[in-house]
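# A closer look at the structure
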Amino acid sequence: MMFVMAAVMEGPLADLSSWKTEECSIAKALDIVGTRSAMLILREAYYGTRRFDGFASRVGITDAAAATQLRKLTAAGLLVKQPYQEEGKRTRHEYVLTAMGRDLLPVVLALMQWGDAYLQNGPAPLLLVEAATGAPVRVRVCSESGREIELDELGVRLNEEYVLARRKSREKA
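Definitions and limits used
Within every chain, residues take consecutive numbers counted from 1 along the sequence as written. Only residues with pLDDT of at least 70 are given local features in this predicted model, and only at 80 or more are side-chain atom pairs given and counted; all residues enter the totals for whole chains, interfaces and linings. Side-chain measures were taken over the full set of non-hydrogen atoms in the model, leaving aside hydrogen atoms and water. For salt bridges, the criterion is a side-chain nitrogen of Lys or Arg within 4 Å of an Asp or Glu carboxyl oxygen. Relative accessibility under 20% of the residue-type maximum defines a buried residue, over 50% an exposed one, and the middle range a partly exposed one, all with a 1.4 Å probe and only protein chains included. What makes a nonpolar core is a set of buried Ala, Val, Leu, Ile, Met, Phe, Trp, Tyr and Cys residues whose side-chain atoms join them at distances within 4.5 Å. Helix and strand labels come from DSSP, where a helix needs a run of H or I of at least four residues and a strand needs a run of E of at least two; each type is numbered from the N terminus. The criterion used for residue contact is that any of the two residues' heavy atoms lie within 4.5 Å. We define a polar contact as two N or O atoms separated by no more than 3.5 Å, with the added condition that, inside protein, one atom must be a possible hydrogen donor and the other a possible acceptor, whereas residues neighbouring each other in sequence contribute only through side-chain atom pairs. For every element, the axis is a line fit to its C-alpha atoms; helices are fit only across the contacting stretch, and the angle between N-to-C directions ranges from 0 to 180 degrees. Our angle categories are set so that under 35 degrees counts as roughly parallel, over 145 as roughly antiparallel, 65 to 115 as roughly perpendicular, and the remainder as oblique. Amino acid classes used here: Ala, Val, Leu, Ile, Met, Phe, Trp, Tyr, Cys and Pro are nonpolar; Asp, Glu, Lys and Arg are charged; the rest, including Gly, are polar. What goes into a patch is any residue over 30% in relative accessible area without a salt bridge, connected to like charges within 9 Å or, for nonpolar side chains (Val, Leu, Ile, Met, Phe, Trp, Tyr), within 5 Å. Here the Shrake-Rupley method, with its probe set to 1.4 Å, supplies the accessible areas, and only the displayed protein chains count as covering residues. The hand of a helix crossing depends on one turn: near helix anticlockwise from the far one by less than a right angle means left-handed, and clockwise means right-handed.

### So, the pattern of salt bridges
Enumeration over the complete set of coordinates arrives at 10 salt bridges. For glutamate 44, the salt bridge is made with arginine 43, and the minimal N-O distance between the two is 2.9 Å. For glutamate 44, a relative accessible area of 1% puts it in the buried group. Members of the salt-bridge network, linked through shared partners, are Arg50, Arg51, Glu86 and Glu94.

Printed below as a string of structure tokens:
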């Protein structure tokens with residue numbers, strides 16, 4: 001028998017048929033990082049890759065695909081281009097994570113953790129550990145107090161600040 005768990009949809013969100021997912025933050029994020037190559041470029045940036053050729057070869061994509069994704073991630077603010085010059089060569093650019101790009105790390109690590117648990121045939125190929133101690137690292141959903149929250153304990157409610165901001169923008173229009 002299958003046990004179905006879901007988040008606790010609160011207030012006007014409880015009736016799923018009465019509201020639309022307009023302005024969904026997940027959809028907006030996927031517009032930027034929702035391709036395999038975008039996620040793998042971010043993985044490589046977390047691993048220390050900074051140069052165009054490194055991204056293209058390590059991700060296994062064409063130069064054109066790498067250029068497109070790097071341009072998109074840079075325009076979105078996840079990466080920034082910084083000039084560098086090797087002796088005797090022209091100035092080129094490398095790609096460095098911004099704070100916005102670094103803040104996406106838990107998402108990428110959560111995908112890795114999920115893939116390790118459900119898609120690998122045997123042990124995970126890589127381990128996430130705290131560099132200083134070697135202690136295992138896990139991504140988890142927890143409350144501000146640090147208590148791990150299960151799906152059926154997660155409340156989803158309308159953000160009143162969002163409602164007020166939308167109301168104000170409509171009044172100005």
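Moving on from the coordinates now.
### Observations regarding the nonpolar core
If you look at the biggest cluster of nonpolar residues, it comprises 17 residues, and the most contacted ones within it are Val33, Ile41, Leu42, Leu73 and Leu79. Looking at this core, the elements that each hand over two or more residues are α2 (36-47), α3 (52-59), α4 (63-76) and β3 (91-97). Tallying contributions element by element places α2 first for this core, with 6 residues. Filtering out sequence-adjacent residues up to four positions away, isoleucine 41 remains in contact with Phe55, Val59, Ile61, Ala66, Gln69, Leu70, Leu73 and Leu79.

### Concerning the side chain of glutamate 94
Following the sequence through the fold, glutamate 94 ends up in strand β3. The exposure class of glutamate 94 is buried, given its relative accessible area of 12%. Among the polar contacts made by the side chain of glutamate 94, one reaches the side chain of arginine 50 at a distance of 3.1 Å. Glutamate 94 has contacts with Arg50, Arg51, Val80, Lys81, Gln82 and Tyr84, leaving out every residue within four places of it along the chain.

### Overview of the environment of serine 57
Take serine 57: it is sitting in helix α3. The class of serine 57 is exposed, set by a relative accessible area of 55%.

### Remarks on the packing of helix α1 (residues 25-33) against α4
Contact geometry of α1 with α4 gives a least axis separation of 9 Å together with a crossing angle of 135°. If you check the angle between α1 and α4, you find them oblique. Mapping the contact onto sequence places Asp31, Ile32 and Val33 in α1 and Lys72, Leu73 and Ala76 in α4. Here the contact of α1 with α4 is composed, by residue class, of 4 nonpolar, no polar and 2 charged.

### Focus: a nonpolar patch on the surface
Taken together, the side chains of Phe3, Met5, Val141, Leu151 and Leu154 make up a nonpolar region of the molecular surface, amounting to roughly 470 Å² of accessible area. Its location among the elements puts valine 141 in the loop between α6 (105-118) and β4 (155-156). By relative accessible area, valine 141 is classed as partly exposed at 48%.

### Things to note about the packing of α3 against α4
One way to put it is that α3 packs onto α4 with a least axis distance of 9 Å and a crossing angle of 115°. Handedness of the crossing formed by α3 with α4: right-handed. Along its contact with α3, which presents Phe52, Phe55 and Ala56, the element α4 presents Asp63, Ala66, Ala67 and Leu70. Taken together, the residues of the contact of α3 with α4 break down into 6 nonpolar, no polar and 1 charged.

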